[in-house]
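# Reading the structure
So you can see what is in the structure, the chains are spelled out below.
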Amino acid sequence: MNTLSKRACLLAGGIAVVLAGSALYLIFQSRAARSPDTSYTACIYRDGQMLRSIPLDQVSETCRFTVDATDGGYNIVEVSPGAIAIVEADCPDKLCVLQGPATDSLLPITCLPHRLVVELKPGTDTAPDAVAY
């Protein structure tokens, strides 16, 4: 083997190790973010103002309620132990319904036509929403 092919093999091996390490890191980070011991509070906002705050660890049975939009529309929100979802809406695209239940704080549920946002926040105020570098 000449020097050039040895260097190419070392470079390819180094890149493979870095990629494998990055993949393992991301897998473990996503599992840690979804750990079942984290309790969340669902905050429901309409037009940027909080309508309701629901601690999901205190929910014992599934319930539904309606959030009326300012344009005359509606969203039906279903709260179950550890999860919240918009199960029915009269908006044209129904993306909020198709998003399904939220069980962690990775992505909020949004209904843009009705200006409704359902956001999960960790139960303790000391935990950051994101990691800052």
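Scroll up to find the structure this text is about.
In this text the structure is predicted, and so the values were computed from the model without any measurement.

Calculation criteria
- Residues numbered from 1 in each chain as written.
- Predicted model: local features only at pLDDT ≥ 70, side-chain atom pairs only at ≥ 80, totals over all residues.
- Heavy atoms only, no water.
- Buried < 20%, exposed > 50% of the residue type's maximum accessible area, 1.4 Å probe, protein only.
- Helix = DSSP H or I, 4+ residues; strand = E, 2+ residues; numbered from the N terminus.
- Pairing = 2+ DSSP bridges.
- Axes fitted to C-alpha atoms, helices over the stretch in contact; angles between N-to-C directions.
- Core = buried A, V, L, I, M, F, W, Y, C linked by side-chain atoms within 4.5 Å.
- Contact = heavy atoms within 4.5 Å.
- Phe/Tyr/Trp six-rings, centres within 6.5 Å; stacked < 30°, edge-to-face > 60°.
- Lys NZ or Arg CZ within 6 Å of the ring centre and 35° of its normal.
- Salt bridge = Lys/Arg side-chain N within 4 Å of Asp/Glu carboxyl O.

Further remarks concern the pairing of strand β1 (residues 40–46). Within β1, six of the seven residues are buried, which leaves the element mostly enclosed by the surrounding structure. Alignment of β1 against strand β7 (residues 116–122), held across seven bridges, turns out to be antiparallel. Its bridge partner being in β7, Ile44 is matched across the sheet by Val118. If you look at the hairpin formed by β1 and strand β2 (residues 49–55), you'll find two residues sitting between the two strands, and Asp47 has a positive phi there, around 55 degrees.

With that out of the way, let us pick up the sheet that holds strand β6 (residues 109–111). Strand order in the open sheet formed by four strands is β2-β1-β7-β6, with antiparallel pairing between adjacent strands. Of all the strands in the sheet, the pair left with one neighbour each is β2 and β6. In this sheet, neighbouring strand axes are inclined to one another by 20 degrees on average, regardless of whether the strands run parallel or antiparallel. Two elements, β1 and β2, share six bridges in a ladder whose sense is antiparallel. Across the sheet, the residue bridging to Tyr45 is Met50, located in β2.

Ile44, Ile54, Leu56, Val77, Val79 and Ile84 are the most contacted members of the largest nonpolar core, which totals 21 residues. Residue assignment for this core shows that the elements contributing at least two residues are β1, β3 (63–68), β4 (74–80), β5 (83–89), β6 and β7. Ignoring sequence-local partners within four residues, the contact set of Val77 consists of Ile44, Cys63, Arg64, Phe65, Val67, Ile84, Ala85 and Ile86.

Once that is clear, we can look at the packing of aromatic side chains. Across all of its chains, the model carries zero aromatic pairs by this definition. Above the face of the Phe65 ring, Arg52 is positioned so that its terminal group lies 4.0 Å from the ring centre.

This part is about the pattern of salt bridges. A complete count under the given rule lists three salt bridges for this structure. Between Glu119 and Lys121 there is a salt bridge; the shortest N-O distance is 3.8 Å. Given a relative accessible area of 28%, Glu119 falls into the partly exposed group. A relative accessible area of 29% means that Lys121 is categorised as partly exposed.

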